[in-house]
Amino acid sequence: MRWQTIRQFLWGEVPSSKLEQKLLLKLDWFILSYCCLMYFTNYLDRANVNNAYVSGMKQELNMQGNDFNQINTIFTCGYIVGMIPNNLMLQVVPPRLWFPSMQIVWGVLTFCSSTVHNVQQLYAIRFFQGISEASTFVGTHYILGSWYKSGELGKRSGIFTSSGLAGTLFSGVLQAAVYQHLGGVGGRSGWRWLFIIDGVITLPIALYGFLVFPDVPSTTKAFYLSEEERALSQDRLDSDVVHHSLSWDLAKRVLSRWRWYGCSLLFAISGETESFGSNNLMGQWLSAIGGYTVEQVDYYPSGVTAFGIASTLVCATWTDYTRARWPVLVYMCFCCTAAAICILVWSSPTGLKFFAYYFAGASYAGQATTFAWANQICANDYQERAIVLASMNMWNNAVNAWWPLLFYPATDAPRFKRGMIAMICTCAATLGVTWLVWYLERREQHLAKRKAIAHEMREDNPNPVEIDTPLKDE
């Protein structure tokens, strides 16, 4: 009994049969291996731009003022444009074809990034990379929600999200190594070699996706799944799912429920707690205050990502066991608020600022939890789920397109005073919206239970006999 409890805590809901156990092992191996590798290269590409900026790209491309912020903003605009179309394409084109195809597109564009001669060329490349990379994050969360139960979902979402963070972590180490050993080789700067190596890593993973990705349970033809396993993959999730054909009725269903509004608002706000890491504030801080080598500026911010990975995996494990998602967002807000206060007090010791930046890595824990929560909320309508997941990331990136320019411009380094105040306010707003989503989910669950009880009562007594009230004697 104790071993079963430990197993459930570490790996989610325990399979009910050996067949289901075998199915989960195969899904974990083939789905998670490809999606994690794909997301690893996705984030490796994004982080490489940040690391290239502080490793020579700024000087070589003669970047001025907020050019760096504009690169990220243009990428975000492409990401927003591609978000919902990419997720809807998964309803039309088999995911085993769509995911690897988009990965090839951004891999080729990564190669192109190594050849740019001015920042305007990089602007154009990053826009189209944003469109192609938009397929990965919400698309994978949609696929995970199609194969896994709610009690299995948190850990898998956490592992997937952590793979992206591992890409960020690896990028800093890779850039430092490339700067040391490949800088100047073949007449290319170290940061240009970084993009070439990124492209070389990306393309073979896309080929792996073509070979092994299983699509979704209703259409899978994966060679490693037996007919019995394919049937089980549908039966174990389909009991409460309402199936609809793709039509304009989808817009009515999505817009007439609270789910789209609540989940989109939640991640639009809570996603901005990741600003410390996504804008490489620690790297810009180290570069601005001086006294650190290029290798140290590349290496030291990796601690933010490492703490983010640890927080993500621990929180994802805990939420699968307890089935409560909201406490993770409370934890995340506490860490980010404390970090912002430590940095805002500029007279604080340098060691405390290091600790604060690392502590802010907890913000990444909310990403996996929020999307697992949305998958859970929208589990009974897979088309609505696809739209809600895409919209969450779309609205977050719509905010992120201007948020760094306003609160975290490169010209504000090293203090980022406006950014620290914005972080504290963002955390307070996140707590408010978290409570709202928790309340609306509970209300929906209570209404569903009442309807189910009423339905059972009608089935038990389909033809109730009316009892006439006897008339009183006059």
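Scroll up for the structure.
Residues numbered from 1 in each chain as written. Predicted model: local features only at pLDDT ≥ 70, side-chain atom pairs only at ≥ 80, totals over all residues. Heavy atoms only, no water.

Draft legend 1. The arrangement of the packing of aromatic side chains in detail. With the rule as written, the count across this model stands at 30 aromatic pairs. Ring geometry for Tyr-39 versus Phe-160: centroids 4.5 Å apart, planes at 25°, classification stacked. In this pair, Tyr-39 sits in helix H2 (residues 18-60) while Phe-160 sits in helix H7 (residues 150-181), placing the two residues 121 residues apart along the sequence. The buried category is assigned to Tyr-39, whose relative accessible area is 1%. Here Phe-160 falls in the buried class, since its relative accessible area comes to 0%. Centroid distance Tyr-292 to Tyr-300: 6.0 Å. Interplanar angle 85°. Geometry classified as edge-to-face. For Tyr-292, a relative accessible area of 27% gives the class partly exposed. (Phe/Tyr/Trp six-rings, centres within 6.5 Å; stacked < 30°, edge-to-face > 60°. Helix = DSSP H or I, 4+ residues; strand = E, 2+ residues; numbered from the N terminus. Buried < 20%, exposed > 50% of the residue type's maximum accessible area, 1.4 Å probe, protein only.)

Draft legend 2. A nonpolar patch on the surface, seen in detail. Together, Leu-97, Ile-104, Val-108, Leu-203, Leu-207, Phe-210 and Leu-211 make up a nonpolar patch on the protein surface, roughly 570 Å² of accessible area in all. Counting only elements with at least two residues in the nonpolar patch, the list comes to helix H4 (95-113) and helix H8 (190-212). Ranked by residues supplied to the nonpolar patch, first place goes to H8 with four residues. Looking at the element boundaries, Leu-207 is found in helix H8. Judged by relative accessible area, Leu-207 falls into the exposed class, the value being 52%. (Patch = residues over 30% accessible without salt bridge, like charges linked within 9 Å, V, L, I, M, F, W, Y side chains within 5 Å. Areas by Shrake-Rupley, 256 points an atom, 1.4 Å probe, with all protein chains shown as cover. Salt bridge = Lys/Arg side-chain N within 4 Å of Asp/Glu carboxyl O.)

Draft legend 3. Just the packing of helix H16 (residues 326-344) against helix H17 (residues 350-359), in detail. Axis separation between H16 and H17 bottoms out at 8 Å; the angle between their running directions is 155°. As the angle between them shows, H16 and H17 are arranged roughly antiparallel. In this structure, the crossing between H16 and H17 has a hand that is left-handed. Across the interface between the two elements, Phe-334, Cys-335, Ala-338, Ala-339, Cys-342 and Ile-343 of H16 pack against Leu-352, Lys-353, Ala-356, Tyr-357 and Phe-359 of H17. Residue composition of the contact of H16 with H17, grouped by class: ten nonpolar, no polar and one charged. (Axes fitted to C-alpha atoms, helices over the stretch in contact; angles between N-to-C directions. Parallel < 35°, antiparallel > 145°, perpendicular 65-115°, else oblique. Left-handed = near helix turned anticlockwise from the far one by under 90°. Contact = heavy atoms within 4.5 Å. Nonpolar A, V, L, I, M, F, W, Y, C, P; charged D, E, K, R; others polar.)

Draft legend 4. Geometry of the pattern of salt bridges. Across all of its chains, the model carries twelve salt bridges by this definition. Where Glu-20 meets Lys-149, a salt bridge forms, and the shortest distance between an N and an O atom there is 3.2 Å. With Glu-20 in helix H2 and Lys-149 in the loop between helix H6 (137-147) and H7, this residue pair connects regions lying 129 residues apart in the sequence. Residue Glu-20 is classed as buried on the basis of its relative accessible area of 3%.

Draft legend 5. Summary view of empty space enclosed by the protein. Taken as a whole, this structure holds two cavities of 30 Å³ or more when the rule is applied. Empty space within the largest cavity amounts to approximately 710 Å³. For the largest cavity, the lining is made up of 38 residues, of which Tyr-43, Asn-50, Gly-277, Ser-278 and Asn-279 are closest to its centre. Listed by contribution, the elements that provide at least two residues to the lining of the largest cavity are H2, helix H3 (67-89), H7, helix H12 (275-278), helix H14 (294-299), helix H15 (302-322) and helix H19 (382-400). The element that contributes the greatest number of residues to the lining of the largest cavity is H2, accounting for six residues. Tallied by class, the residues present in the lining of the largest cavity amount to 14 nonpolar, 19 polar and five charged. Estimated volume of the second largest cavity: approximately 30 Å³. For the second largest cavity, the full set of lining residues is Ile-343, Leu-344, Trp-346, Arg-415, Lys-417 and Met-420. Among the residues forming the lining of the second largest cavity, the class breakdown is four nonpolar, no polar and two charged. (1 Å grid on protein atoms, 1.4 Å probe; cavity = no way out; pocket = protein on both sides within 12 Å on 5 of 7 lines; lining within 4 Å. Points joined across faces, edges and corners; volume = space filled by probe spheres on them.)

Draft legend 6. Spotlight on the environment of Phe-170. Here Phe-170 lies in helix H7. The sequence separation of Phe-170 and Phe-359 amounts to 189 residues, and the corresponding C-alpha distance is 19 Å. Each residue touching Phe-170, except ones within four places of it in the same chain, is listed here: Phe-40, Leu-44 and Ile-201.

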